[in-house]
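# Observations on chain architecture
One-letter residues, chain by chain:
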Amino acid sequence: MPLTPEHIDKFITSESDSKTKDELLELLNNRIKKLCFEECERDRILCTLSPMCSKRFLLKLRILNGLSLEDQPKFCYSVHKNIIQRDFRNKTVIYKPFDTYLYLIDFVDVFFHGDYRKLNKFLSKGDFKAATDIFKDRINNRDEDFQYFLTNKINYLIFKFEEKIHIIFLNEKYALCNANREMIANLEILKGLTDLFTSLYFPEIERNLIPDDCVEIKTYIPKDILNRTSQEPPENDDNKKDQYLWNTFANDLDALSQFCKEINLYIDKKENLKIRLHIDVKNGIRYRDLRLVFNILFRLYNDFYIIWI
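Residues numbered from 1 in each chain as written. Predicted model: local features only at pLDDT ≥ 70, side-chain atom pairs only at ≥ 80, totals over all residues. Heavy atoms only, no water.

With respect to topology, five strands assemble into an open sheet ordered E1-E5-E4-E3-E2, the strand pairing being antiparallel. Each edge of the open sheet is held by one strand with a lone partner, namely strand E1 (100-103) and strand E2 (146-150). Here the strands of the sheet are splayed against their neighbours by 20° on average, with no regard to which way each runs. Each of E1, strand E3 (156-161), strand E4 (164-169) and strand E5 (174-177) is contacted by helix H5 (residues 74-88), which is oriented at about 110° to E1, the strand it contacts most. (Pairing = 2+ DSSP bridges. Helix = DSSP H or I, 4+ residues; strand = E, 2+ residues; numbered from the N terminus. Axes fitted to C-alpha atoms, helices over the stretch in contact; angles between N-to-C directions. Contact = heavy atoms within 4.5 Å.)

This brings us to helix H11 (residues 240-257). Look at H11: 24 Å from first C-alpha to last across 18 residues, which is about the 26 Å you get at 1.5 Å a residue. Within the span of H11, buried status applies to Asp242, Gln243, Tyr244, Leu245, Phe249, Asp252, Leu253, Ala255 and Leu256. Buried-residue contacts for H11 involve strand E7 (214-221), helix H10 (223-228), strand E8 (262-267), strand E9 (273-279) and helix H12 (287-305). (Expected span 1.5 Å × (residues − 1). Buried < 20%, exposed > 50% of the residue type's maximum accessible area, 1.4 Å probe, protein only.)

With that settled, the discussion passes to the pattern of salt bridges. Throughout the structure, instances matching the rule amount to 22 salt bridges. Residues Lys160 and Glu163 are paired through a salt bridge, measuring 4.0 Å at the closest nitrogen-oxygen approach. According to the relative accessible area criterion, Glu163 is exposed, its value standing at 53%. Measuring nitrogen to oxygen at the nearest pair gives 3.4 Å for the salt bridge that ties Glu206 to Lys274. On the criterion of sequence distance, the pair formed by Glu206 in strand E6 (residues 206-210) and Lys274 in strand E9 is long-range, its members being 68 residues apart. Residue Glu206 is classed as partly exposed on the basis of its relative accessible area, which comes to 37%. (Salt bridge = Lys/Arg side-chain N within 4 Å of Asp/Glu carboxyl O.)

Structural measurements only, silent on function.
See below:
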């Protein structure tokens, strides 16, 4: 049986001789260099249409490890940036650039081209008021459809363009574009996303950060609706609220349980049904998972909360 990637992974994990592991990793590193800077870039048509690493993940490897643009295969990176730009402008692309990374200056060039030099300067120097003034001007005076949120510790800047989420990692000076399957890195980003979405879609819902633990979200179903709910499963679809509470609510709670550290249901002092979610990042939650959580909260908010407050 030939050597497989699983064998190599197992060997690196179990091998105690650091010199042996270093030698193996250096072989791998040399192979990556040759692949990127010689074999793939040599044929620009091939590099454009069918790069030798899937969706150019070796660019991500370098960006996330702090390497500069000078350390990237320049043609490959330029194609990568162009694909993200074309997707942003709703043009045809070879593949959808989900969970891709750009250097900060290239991110603001793609998404805020007219102001990108100023934005790169402001964000790099930490002048967030000047940067947010530009965002506000573009929203108010240029009719641009995006929202932004600066997280509480000022480490991340979150953008929502239509249904797509992008995150600038301000200290690292790079950005995650079209976040989807990527894991949410920490509670600061999770709280920022929660604050952004709640402010847009369900502003009265309570949310709190429990440091080093989780983000807490609270909503409720009012007493009046509970009292009007039928005591037995409805026989028809005439009452959508009854149908939801009897047939769908339990399924939604089950779906939420996959992404929540804890779910509590209890009757509060006003006899409302309180729903409390604790969401953490320790067991891994993806950006697209959080969207499902928000969709369920949005339904509860619109169908059971907002018309009663």
